[in-house]
Amino acid sequence: MKNSFVNKPERPWPNPYLEVAAIVGHTTPHSSRLWFRTHTPGHFVVLVFALSEIPSDAIDSVLAEPNPTLAQLDELRARSADHYALQFYSFESSTETDTTAVVDIENLKADSHYRYLLWNEDTDQPLLGHQRPLTLKTFAEVAGPISFGFFSCHMPYKKTLFGRTQVVNEQMWDYFHEMLSRHNEKDLRFVLAGGDQVYSDGVETLSIWNFLKKVMRREGDQLLPDIDEMITWYRDIYRGYWGFPALREVFSSFPTYMIWDDHEIADGWGSFRFAEGMPRDEIDEILPDQNDSNLSYQDRFELIQRMVQAAKHVYREYQHSHNPNMQQASPAFPADAYDYHIEFPKGALYVLDGRGQRDFDRSTLKILGKDQLERFKNWIEGLDVETTPFIFVASAVPMVHLSHILVDQGEGFLPDLANITDDLRDGWEHKAHRVENRTLLKYLFKAAKKGHRVCILSGDVHVAAAFRLTDPDSGKVIYQLTSSAITYNQSRALGWALGKVVPDTGVTHDGYQFKRLARYTDSNFSLISVDPDKDMVDFQLYGEQVTHDPDNGDARQNSHSIAKIELRFTQ
């Protein structure tokens, strides 16, 4: 494969490259889904230690031996009468999945701490978790205060004047890890990654879409590059973007749920029109036209579809594989469904897939599609307000961020000037999505009228914000909470528009009253806290702060809470 990125040393990554890694995925009171990348194919064993039975220093003592063995570690089991104090799980990794694999750990105790270790059976050596202990905490079974971290939009690069790639904002991951660690000792349960965890096209020096433009061609009757080569490109993107040590600490320490957005595929994917020979066709917005590329319309369309399929393939490998297995749980979820839900005491979270089914050329329901919308409707209507009073719905693109003042510009001068036409089409308030938006909000307010406390969680726009949305007829409220972006080198045009055009209060097309409670335009992440006993949800935003040493005046960067908003659901 001439254009493969396998063993391609000239890729200009300025940060460590992800080789061996772990992610704590879907976790319950008694199980946890662990994801690994082993770098080399082979046979491996995951060891899971119950820290209440086998202390971490005992594990470290064995690992400090000159040549520790699995047998020595297995002897630690004798310290406990609990049969599950130490568990072994074997698996094999291969290049077919970029040496990634998922292992489902069972027989865990609720609200308990565990340590896990990855062992290479072929070399008979520890591979991961021996130098820095890897730990996880299971969910509690009883109702009580809980919190979870929330972030989106990880794009920590910019192009320098000399055409090189420079890292920016990476310290935000250190701050995020510190905050999560503090709350993990109290009530932290998980982290939600709200979309754009990587950018296939985020900076010119790393963009694989720019690379495609350079190498796309025909050789005889063969259209190149092929999908296998493209898969190596998307894998390279993940391994670069996820190579930062503090990011890896977050993913390997706290149960992390993920959903993608457009940049895991391409900027604005699903919001472009394809209509060969028609004035409204926009294929030239993605790839060079026929004169510049020497490729026909059908060739260019085929290359775009290959890129999308490659993006889906690698998204499943690196992100969706450690989310809940909904196909196993319900026949309503087909193999290509990326939406899912989780439940916890007194609450639930539904993560919508606003990208995998998005198609602007579809006649109706262009964002979620009919089947996903039906799955969500059945889920939310089936919830009991006594057992699940708190409902969180993740939509990578905000539902109520833009007012019709901006969206109704449609395809006009202002969007073209700011280069945000595809961003506006992405937005739920765009006229093409109005029926779908109205339907989804109807489901949410119907739940609110039953007594549920409803919050929408979003990212995408590179602006943090909190909105209250009120139904004037019933007086019921729902909230939209946006945390974006954790790392980004510049303000996005849509963020500018939000700050300059969207008012603090107003009325949506469907008559819902909205009020903006907060807005923050620099890098940020958030913590959402739920207290069932107090009937309260808190939305806490964090950003970077520069303080000065009182003795010598030296500047010091650190994280601080920008705002803490108490969400009230009754008048």
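Residues numbered from 1 in each chain as written. Predicted model: local features only at pLDDT ≥ 70, side-chain atom pairs only at ≥ 80, totals over all residues. Heavy atoms only, no water.

(A) Seen up close, the overall build of the chain. The helix and strand tally for the chain stands at 15 helices and 28 strands. Taken over C-alpha atoms, the radius of gyration comes to 24 Å for the chain, in line with the 25 Å a tight globule of 571 residues would show. Projected onto its principal axes, the C-alpha coordinates of the chain cover approximately 70 × 70 × 65 Å. Counting the 571 residues in the chain, one finds 59% classified as buried. Element-wise, carbon and sulfur atoms account for 46% of the exposed surface of the chain, whose accessible area totals about 23300 Å². Considering the chain, the positive charge centre built from 58 side chains and the negative charge centre built from 82 side chains are found 5 Å apart. (Helix = DSSP H or I, 4+ residues; strand = E, 2+ residues; numbered from the N terminus. Rg over C-alpha atoms; globule rule 2.2 N^0.38 Å. Buried < 20%, exposed > 50% of the residue type's maximum accessible area, 1.4 Å probe, protein only. Areas by Shrake-Rupley, 256 points an atom, 1.4 Å probe, with all protein chains shown as cover. Lys, Arg positive; Asp, Glu negative; His and termini not counted. Charge placed at Lys NZ, Arg CZ, Asp CG, Glu CD.)

(B) A look at the packing of aromatic side chains. In total, this model carries 41 aromatic pairs according to the counting rule given. Aromatic side chains Phe211 and Trp233 sit 5.1 Å apart centroid to centroid with 85 degrees between the ring planes, which places their arrangement in the edge-to-face category. Here Trp233 lies in helix 5 (residues 227-241) and Phe211 lies in helix 4 (residues 208-215), a separation of 22 residues in the sequence. In this pair, the class of Phe211 matches that of Trp233, namely buried. Relative to Tyr318, the ring of Trp242 lies with its centre 6.1 Å away and its plane at 65 degrees, an arrangement referred to as edge-to-face. Residue Trp242 is located in the loop between helix 5 and helix 6 (245-253), and its partner Tyr318 is located in helix 8 (residues 297-318); the two are separated by 76 residues in the primary sequence. You'll find Trp242 and Tyr318 in the same group, each marked buried. Its guanidinium or amino end placed over the ring of Phe360, Lys366 lies 5.2 Å from that ring's centre, counting from NZ or CZ. The side chain of Arg375 reaches across the aromatic face of Phe333, ending 5.0 Å from its centre. (Phe/Tyr/Trp six-rings, centres within 6.5 Å; stacked < 30°, edge-to-face > 60°. Lys NZ or Arg CZ within 6 Å of the ring centre and 35° of its normal.)

(C) Up close: the sheet that holds strand 25 (residues 513-520). What the eight strands build is an open sheet, ordered 17-18-19-20-22-21-25-24; its pairing is mixed. Whereas interior strands pair on both sides, the edge strands pair on one side only; in this sheet they are strand 17 (340-344) and strand 24 (505-507). Within the sheet, the average angular offset between the axes of one strand and its neighbour, ignoring direction, is 20 degrees. Two elements, strand 18 (residues 347-351) and strand 19 (residues 390-394), share five bridges in a ladder whose sense is parallel. Looking at the pairing, Gly347 lines up with Phe390 of strand 19. Relative to strand 18, helix 10 (residues 370-381) is tilted by about 175 degrees, and along the sheet it contacts strand 17, strand 18 and strand 19. (Pairing = 2+ DSSP bridges. Axes fitted to C-alpha atoms, helices over the stretch in contact; angles between N-to-C directions. Contact = heavy atoms within 4.5 Å.)

(D) Spatial organisation of the environment of Ile478. Locating Ile478 in the fold gives a position in strand 22 (residues 477-482). What Ile478 contacts, discounting residues up to four positions off in sequence, is Leu441, Leu444, Phe445, Ala448, Val454, Ile456, Phe467, Arg468 and Leu469.

(E) Layout of unusual backbone geometry. The omega torsion of the bond from Leu224 to Pro225 falls at 0 degrees, within 30 degrees of zero and hence cis. By the element assignment, Pro225 lies in the loop between strand 15 (222-224) and helix 5. Residue Ala485 is bonded to the preceding Ser484 through a cis peptide linkage, with omega at 0 degrees. Phi at Asp111 takes a positive value of approximately 50 degrees, unusual for a residue other than glycine. Mapped onto the elements, Asp111 comes out in the loop between strand 5 (100-105) and strand 6 (113-120). At Asp196, a position not held by glycine, the phi torsion is positive, near 60 degrees. Here Asp196 lies in the loop between strand 13 (188-193) and helix 4.

(F) Inspection of the pairing of strand 9 (residues 146-151) at higher detail. Burial analysis of strand 9 places six of its six residues in the buried class, the great majority of the element. Side-chain alternation along strand 9 places Ile146, Phe148 and Phe150 on one buried face and Ser147, Gly149 and Phe151 on a second face that is also buried. With five bridges connecting them, strand 9 and strand 26 (residues 525-531) associate as antiparallel partners. What sits directly across from Ile146, in strand 26, is Val530. Judged from the five bridges that link them, strand 9 and strand 13 form a sheet pairing that is parallel. By the bridge assignment, Phe148 is partnered in strand 13 with Phe190.

(G) Representation of the sheet that holds strand 2 (residues 32-37) in the model. Pairing within the open sheet is antiparallel, and its three strands lie in the order 1-2-5. Each end of this open sheet is capped by a strand with a single partner; those strands are strand 1 (21-27) and strand 5. Strand-to-strand twist of the sheet, defined as the mean angle between neighbouring strand axes without regard to direction, takes the value 20 degrees. Strand direction decides the pairing type here: strand 2 and strand 5, joined by six bridges, are antiparallel. If you follow Leu34 over to strand 5, its bridge partner there is Val103. Packed on one face of the sheet, helix 8 meets strand 1, strand 2 and strand 5 and runs near 120 degrees to strand 2.

(H) Molecular detail of helix 14 (residues 434-450). Here helix 14 contains 17 residues, and its C-alpha end-to-end distance of 24 Å stays within 8% of the 24 Å for a straight helix at 1.5 Å per residue. For helix 14, the full list of buried residues reads Arg434, Glu436, Asn437, Thr439, Leu440, Leu441, Tyr443, Leu444, Phe445, Ala447 and Ala448. (Expected span 1.5 Å × (residues − 1).)

(I) Representation of the state of the cysteines in the model. Considering all chains together, one arrives at zero disulfides under this definition. Not part of a disulfide, Cys153 finds its nearest cysteine sulfur in Cys455, a span of 19 Å. Cys153 gets classed as buried once you look at its relative accessible area, which sits at 0%. (Disulfide = S-S within 2.5 Å.)

Geometric values such as these leave the question of function open.
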